[in-house]
Amino acid sequence: MKNVEAICRPMVVFLSVFSCLFTSQLALADAPSVHFAGVAIVGNASDSGSDFPVISDILNERDMTVPQAQRISYSISNQIKLSPKIQIDLDLAENMESSLGVALTFNWENTTVDLVDTSNRISTDVHAQAIYFDYRSKRIIRAYPFAVQAIDILQNAPTEADIRDNTEKAVYGEQGIVSQFVTHLKTSRDFDNKDSIYLKVKVPDIEPNALATIQSTNLSEDYVRNLIGFSFGRYLSSNAEVPILPYTSDQALNNTMLAKFADGTIYNFTVPDPDFVFEVAFQEFRQKQLQKKVAGTSFGFAVYYDLTITQPLTGRVYLNNSYRRPVVATFPATKTDYDSAKWFHNAVFALSDQLTNNLINHNEKWLDKWGIKKYDKKQIKDALGVIAKAKQL
């Protein structure tokens, strides 16, 4: 049984970009040209193979009908040419004045395998984003993150080929990353707005006491910070329908992101200073047995965030509160342990999704129940005002 669940949700940037040389007749005469720059991997060049073991192979795969073209870039280019709704050019824009580029960048790849009854469940999460940038200045303008979870159920233990097939489904499937990127392009607007409101997610260093609560996951501090930053950013963007600046770790120095293209060219993309910062500070990961019966045992898994929304220019604080939301799972009596890292991931996704969704929809009941501090109506109103500023563009 096979199933793909598409979830519109996200370092220093390593881009392996593949460009196709076609010219679109569809760009609006009174709007700046937007050019498809290609496909990218986000991360350090030296780590791309280990951080993206399958995605890196997929991006290097050649198209069988056009051997000189990368399969994924060629696929996107063809879909752009065939859609009258996409106002995107496919010619290289390096020497063009006032030209904008858009690239599909992959942020994250993760595959887990779980035993469900007598079957094996493969779950592959792939996170990506559409990044817009100015070709001349190499200045990042906006990012729209999204994600896909591909699930496959096998009777036997999965092989590397099975994992590869499942990851390909996440990339090329009906609601996969490529499909989501092309759908995004169909509704893209003029992104060269000089009055843009820049939103950015920041994850500060994790305190030692908080780090101690994730020891069982065997995840590093850098990994956890990147996971929270990408996850919160993609849910904020998709649930609020607003663009954000790309999430970057502390490796990004002087507001730049290193970009290495397929031909070896190195770019230092500049990231604008944010107008508003959503600081998400990880506080705790709790794992608790809730109920034990003959049929199985239920556990609760919850992460705790401190969310602070600020305006760096003025120092004004719009929102400051702590939130948590448990994820409950029941394991069969025959299962004596569970994958702590997997449930940490699920708890991060659940809180990031529900917190941003209920904040945007001003769900007072949820915000009051799952907020640690007393519900502050004025702060919530101020936070919604920040999001509204970004949505008006």
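Note that the structure is predicted; figures quoted are calculated from it, not measured.

Caption draft 1: Region of interest: the nonpolar core. Membership of the largest hydrophobic core comes to 57 residues, with the highest contact counts inside it found for Phe 278 and Phe 344. Top contributing element to this core by residue count: helix α8 (residues 340–360), with eleven residues. Aside from chain neighbours lying at most four places away, what touches Phe 278 is Leu 199, Lys 200, Val 201, Lys 202, Phe 232, Leu 236, Leu 307, Thr 308, Ile 309, Val 386 and Ile 387. The next biggest cluster of nonpolar side chains, apart from the first, holds 35 residues, and it includes Val 34, Phe 106, Val 148 and Leu 185.

Caption draft 2: How the structure looks around the pairing of strand β9 (residues 276–292). Both strand β6 (residues 199–202) and β9 contribute to a ladder of four bridges, which runs parallel. Paired with Val 201 across the two strands is Phe 278, which belongs to β9. Inspection of the sheet shows β9 paired to strand β10 (residues 296–311) by 14 bridges, in the antiparallel sense. The partner of Arg 286 across the bridge, within β10, is Ala 302.

Caption draft 3: Representation of the packing of helix α7 (residues 221–240) against α8 within the structure. Contact pair α7 / α8: the axes reach a minimum separation of 9 Å and the direction vectors enclose 35 degrees. Of the two elements, α7 crosses α8, and the hand of that crossing is right-handed. Where α7 approaches α8, its residues Tyr 223, Val 224, Leu 227, Ile 228, Ser 231, Phe 232, Arg 234, Tyr 235, Leu 236, Asn 239 and Ala 240 are matched on the opposing element by Phe 344, His 345, Val 348, Phe 349, Ser 352, Asp 353, Leu 355, Thr 356, Asn 357 and Ile 360. The class makeup of the residues in the contact of α7 with α8 is 13 nonpolar, six polar and two charged.

Caption draft 4: The arrangement of unusual backbone geometry in detail. Although it is not a glycine, Asn 218 adopts a positive phi angle of roughly 60 degrees. For Asn 218, the position within the fold is in the loop between α6 (208–212) and α7. Non-glycine residue His 362 carries a positive phi angle of around 50 degrees. Within the fold, His 362 resides in the loop between α8 and α9 (364–370). What makes His 362 partly exposed here is its relative accessible area of 28%.

Caption draft 5: Just the packing of aromatic side chains, in detail. By the definition in use, this model includes 15 aromatic pairs. Measuring from ring centre to ring centre gives 5.9 Å for Phe 282 and Phe 344, while their planes differ by 85 degrees; the resulting arrangement is edge-to-face. A residue pair is termed long-range when its members are at least 10 positions apart, and Phe 282 in strand β9 and Phe 344 in helix α8 qualify at 62 residues. Side by side, Phe 282 and Phe 344 carry an identical accessibility label, which is buried. Every member of this aromatic cluster is reached through a ring pair, and the members are Phe 299, Phe 301, Phe 331 and Trp 343.

What counts, and at which threshold
- Residues numbered from 1 in each chain as written.
- Predicted model: local features only at pLDDT ≥ 70, side-chain atom pairs only at ≥ 80, totals over all residues.
- Heavy atoms only, no water.
- Core = buried A, V, L, I, M, F, W, Y, C linked by side-chain atoms within 4.5 Å.
- Buried < 20%, exposed > 50% of the residue type's maximum accessible area, 1.4 Å probe, protein only.
- Helix = DSSP H or I, 4+ residues; strand = E, 2+ residues; numbered from the N terminus.
- Contact = heavy atoms within 4.5 Å.
- Pairing = 2+ DSSP bridges.
- Axes fitted to C-alpha atoms, helices over the stretch in contact; angles between N-to-C directions.
- Left-handed = near helix turned anticlockwise from the far one by under 90°.
- Nonpolar A, V, L, I, M, F, W, Y, C, P; charged D, E, K, R; others polar.
- Phe/Tyr/Trp six-rings, centres within 6.5 Å; stacked < 30°, edge-to-face > 60°.

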